[in-house]
Amino acid sequence: MDTVRIDNVEIHLAKPVGLKPEWIGQEEPLTQLMACWLAVHPDDQPLCPRLVGHPGLGKTTLAMAAARKRGQNAYVLQCTADTRPEDLIITPVLGEKGNIKYQASALVSAMLTGGCAILDEGNRMSEKSWASLAPLLDDRRQVDSLVAGVTILAHKDFRCVVTMNEDDSTFEIPDYIMSRIQPAIELPFPKAEEELRILRYNLPSAPEDLIRICVGFLQQAHGLDLPYSIRDGLNAIRFAEKLNELRPGKWEALFAVAVRQVLGDEALDMESLAERRRREGRLPNMQLGDFFFDEDNPLNPDRD
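Reading guide: rules and limits
Residues numbered from 1 in each chain as written. Predicted model: local features only at pLDDT ≥ 70, side-chain atom pairs only at ≥ 80, totals over all residues. Heavy atoms only, no water. Pairing = 2+ DSSP bridges. Helix = DSSP H or I, 4+ residues; strand = E, 2+ residues; numbered from the N terminus. Buried < 20%, exposed > 50% of the residue type's maximum accessible area, 1.4 Å probe, protein only. Lys, Arg positive; Asp, Glu negative; His and termini not counted. Salt bridge = Lys/Arg side-chain N within 4 Å of Asp/Glu carboxyl O. Polar contact = N/O pair within 3.5 Å; in protein donor to acceptor, adjacent residues only side chain to side chain. Contact = heavy atoms within 4.5 Å. Axes fitted to C-alpha atoms, helices over the stretch in contact; angles between N-to-C directions. Core = buried A, V, L, I, M, F, W, Y, C linked by side-chain atoms within 4.5 Å. pLDDT = per-residue confidence, 0-100.

**Concerning the pairing of strand E5 (residues 90–94)**
If a strand is regular, its side chains alternate between the two faces of the sheet. Relative to strand E6 (residues 100–104), E5 runs antiparallel, the two being bridged by five bridges. Paired with Thr91 across the two strands is Gln103, which belongs to E6. The antiparallel pairing of E5 with E6 creates a hairpin that spans five residues between the two strands, and Gly98 there sits at a positive phi of about 80°.

**Let's talk about the side chain of Lys59**
The topology assignment puts Lys59 in helix H2 (residues 59–69). Lacking a salt bridge, the buried Lys59 has Asp120 as its closest oppositely charged neighbour, with an N-O distance of 6.9 Å. A polar side-chain atom of Lys59 sits 2.8 Å from a polar atom in the side chain of Asn165. Those residues in contact with Lys59 that lie beyond four places of it in its chain are Leu51, Val52, Gly53, His54, Thr163, Met164, Asn165 and Leu187.

**Side note on the sheet that holds E5**
Taken in spatial order, the four strands of this open sheet run E1-E2-E6-E5, and their pairing is mixed. Every other strand in the sheet has two partners, leaving strand E1 (3–6) and E5 as the edge strands with one partner each. Here the strands of the sheet are splayed against their neighbours by 40° on average, with no regard to which way each runs.

**Some words on the nonpolar core**
One finds Leu107, Leu119, Trp130, Leu133, Ile152, Phe158 and Ile181 to be the most contacted residues of the largest nonpolar core, which totals 40 residues. Mapped by element, the contributors of at least two residues to this core are E1, strand E2 (9–12), strand E4 (74–78), helix H4 (106–113), strand E7 (116–120), strand E9 (150–153) and strand E10 (159–165). When residues in this core are grouped by element, the largest group, six residues, is from H4. With sequence-adjacent residues up to four places away left out, Phe158 is seen in contact with Pro46, Leu107, Ala110, Met111, Gly114, Gly115, Ala117, Leu136 and Arg141. Judged by nonpolar contacts, the second largest core, of 31 residues, contains Ile198, Leu203, Leu210 and Tyr228.

**Side note on the pattern of salt bridges**
Tallied over the full model, the rule gives 14 salt bridges. In this structure, Arg68 engages Glu22 in a salt bridge whose closest nitrogen and oxygen atoms are separated by 3.3 Å. A residue pair is termed long-range when its members are at least 10 positions apart, and Arg68 in helix H2 and Glu22 in the loop between E2 and helix H1 (27–36) qualify at 46 residues. A relative accessible area of 38% means that Glu22 is categorised as partly exposed.

**Some words on unusual backbone geometry**
A cis amide bond links Gln182 to the next residue, Pro183, at an omega of 0°. In this structure, Pro183 sits in the loop between helix H6 (175–178) and strand E11 (184–186). Although it is not a glycine, Asn8 sits at a positive phi angle of roughly 70°. Along the polypeptide, Asn8 turns up in the loop between E1 and E2. With phi around 50°, Arg141 is a residue other than glycine that occupies positive phi space. Residue Arg141 is classed as buried on the basis of its relative accessible area of 12%.

**Let's talk about the confidence of the model for the chain**
The predicted model of the chain has a mean per-residue pLDDT of 91, with 91% of residues at 70 or higher. No element of the chain has a lower mean pLDDT than helix H11 (residues 270–282), at 86, and none a higher one than H4, at 98. Per-residue pLDDT stays below 50 along residues 282–286; that stretch engages in two contacts with residues further than four places along the chain or on separate chains.

Spelled out as structure tokens, the structure:
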């Protein structure tokens, strides 16, 4: 189905994501997401949860895997600070014959076809954009397109999830929207055995020694609460393998070069990096006197 007609207005649909990934390890977040999308009786409405965690942990992959497990197509809409309300719903575009075509977003395409919509990195969107989705995220399950002049009702099988990164480059979402995207499902860093399986699945031809070196690196990073992720590990392994093709060497040395190139010099001394981040995290709470005197020093003018 490429188009649908609503109130005599032809709407062109976006295509679903072609990838149908497997989800490996961490069964609990997948179970919780599948539970949110259930309708446990005829009058029940599915929930629209938010997946939260550090970048690169596989939140989008988890959502696509859940859609696959339900036998539904996944539609991913990448949210940014520049996303406008109309980008989320319907955009007018110039057709081949110079006419105006109404192009549905990935979200609206999922609404009309009964797919699973993934609002990726949703906390990068502004409040104005979120406001346009408020009626979709409650019992009304509908959106209004001012551009096309139509109201769009969600298919009964439509499901939605929002992924959110835990970093400093995001907006604070207003409470009236947060109350509509519940519950929060946390995706923590995977354990060593899970990380080993994920790397093997994604890089089946990579040497086992190199994969284990990468797992050791990532587990040390997780232990120090540094935001290095599976995605970083995959890129480092791929680069190390490519270097080895042109200039064969020991995997430890090649992986160190790859880590430096992928993540920077500081990633080679993670304990110092972690200590520096801890100190920097305290600085905003310090008063001027704290730079010159201990907190309990009676000479500290900012002592409580």
